[in-house]
Amino acid sequence: MGEEPVDGVFFAQVDSSGQLLRHRFLTDSMGDVLRNSETWGKVIFDSISNCYVATGATVFRPSSFLFKLNDTLGLEHVQEYADTVNLSNYRYTVTLAHPDGFYLHGRIQGPDTVSFGFVRRIDMYGEEIWERRFEHSLYNTTVMDVQQLNSGMAVALSVEQESPPGSPTQSGRSRITLLSPTGEVLNEWVSDLEPEEGYFRQVIPVDSSSFIIYGQRQVPGPIPNYTLLQPTLSRFDTAFQRAWSYSFGTPQRVDAFSTLMEFEKTADGHIVGCGRKVISSFVAHGWMYKFSYDGEEIWDRNFPVPFTDYFPAGGLLFGLGQLSSGNLVAGGIATDEDNKRYGWFVKMTNDGCLDTMFCSPVPTHEPEAVALLAKAYPNPATDHWVVEWGHAD
């Protein structure tokens, strides 16, 4: 008889040409299903301890875990955050803290089934230093991201879902919270319902006093109770003054929308994001989008998976880095037409090009077209004449 399949968390290292160097497969010691997600289980690298750090969760015995692996993927430490009678831990994400250690954030379900967001400061081994909760008596709250802004301040983004359970419409608020090194709230900003800056997802520090937020803006659909979402970027300072905000891409359905999932600052002083672009109801490509600190779009690329464009084939890029050469590498998942999932890496130039000969920036914001004009020459005509069509500049 064959062995039962085991669900676990898989780590892999590849070189700059995409060749596999080593891998590690972690399973639960008690035989439970162990997994993570592209939205909350991403891997970060801690240069202080020279380790990879990630989170995961079991399914039937709900607990969340912090994993630390060294630079050769040897497992160095596991910290479990077990459920209690009244608390269910899930959606844990880890980010770097200053001067060392980490932030855990996400949401926890309480005894009354209402979930509350949290930020937990932990040391290098996952032990709690302090915790800050974001609770509402009626609505679910999730802390979506936490990033260190400077040595005395971190920025936390959270979303409060104010739609009643089972409601066909989506409604809620976004919140920015500035936290001190000991977890006190220094300042806070709360949006209106259905904020024009979108429901917050990620924060990208710009300097010690400003940051860019990526969110999903709610757009009215063609019929009542039909919600569309559109990617949106906004820049704020620590006084919550908004420098600029713009939406891009096509508004799409809540159950099938394009989104960016990870951001990286590049050596040329810009920011690039990766994620998923929904091309049609049944096709999704990997997506890369580059922009400046001033909100100027630089290029917009999407990458089909190396299979077919037939359902359920599709792609998703949720990890991103820049090599010393300046080239970009994004990683994620590619699904083939038989619904098999594969690890997927895409390497490109800093211009987002796979083919450097036939590649130029592709903006989302197109300039207004100029009416086409026709010219006929020479005049008077000889034995032949030429018609030339003008074009938009």
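Attention in this report is confined to the structure presented alongside it. These figures come from a predicted structure and were not determined experimentally.

Describing the nonpolar core
- Counting 15 residues, the largest nonpolar core has M288, F303, L317, W344 and M348 as its most contacted members.
- Setting aside residues up to four positions removed in sequence, L317 forms contacts with C274, G275, G286, W287, M288, F303, A330, G331, G332, W344 and V346.
- Among the nonpolar cores identified, the runner-up in size contains 14 residues, and I204, F263, I271 and Y289 belong to it.

What about the sheet that holds strand β22 (residues 270-280)?
- Here 4 strands make up an open sheet; going across it, the order is β21-β22-β23-β24 and the pairing antiparallel. At either end of the open sheet lies a strand with only one pairing partner, and these are β21 (259-265) and β24 (297-303). On average, each strand axis in the sheet is inclined to that of its neighbour by 20 degrees, with strand direction left out of account.
- Strand direction decides the pairing type here: strand β23 (residues 283-292) and β24, joined by 6 bridges, are antiparallel.

Quick word on the environment of Y226
- Secondary-structure assignment places Y226 in the loop between β17 (210-220) and β18 (227-237).
- Placed 27 residues apart in sequence, Y226 and R253 show a C-alpha to C-alpha distance of 7.8 Å.

Examining the pairing of strand β19 (residues 242-247)
- Here β18 pairs with β19 via 5 bridges, running antiparallel. When the sheet's bridge partners are listed, S234 is paired in β19 with S245.
- Between β18 and β19, which pair antiparallel in sequence order, lie 4 residues; one of them, F240, sits at a positive phi of approximately 65 degrees.

What counts and what doesn't
Residues numbered from 1 in each chain as written. Predicted model: local features only at pLDDT ≥ 70, side-chain atom pairs only at ≥ 80, totals over all residues. Heavy atoms only, no water. Core = buried A, V, L, I, M, F, W, Y, C linked by side-chain atoms within 4.5 Å. Buried < 20%, exposed > 50% of the residue type's maximum accessible area, 1.4 Å probe, protein only. Contact = heavy atoms within 4.5 Å. Pairing = 2+ DSSP bridges. Helix = DSSP H or I, 4+ residues; strand = E, 2+ residues; numbered from the N terminus. Axes fitted to C-alpha atoms, helices over the stretch in contact; angles between N-to-C directions.

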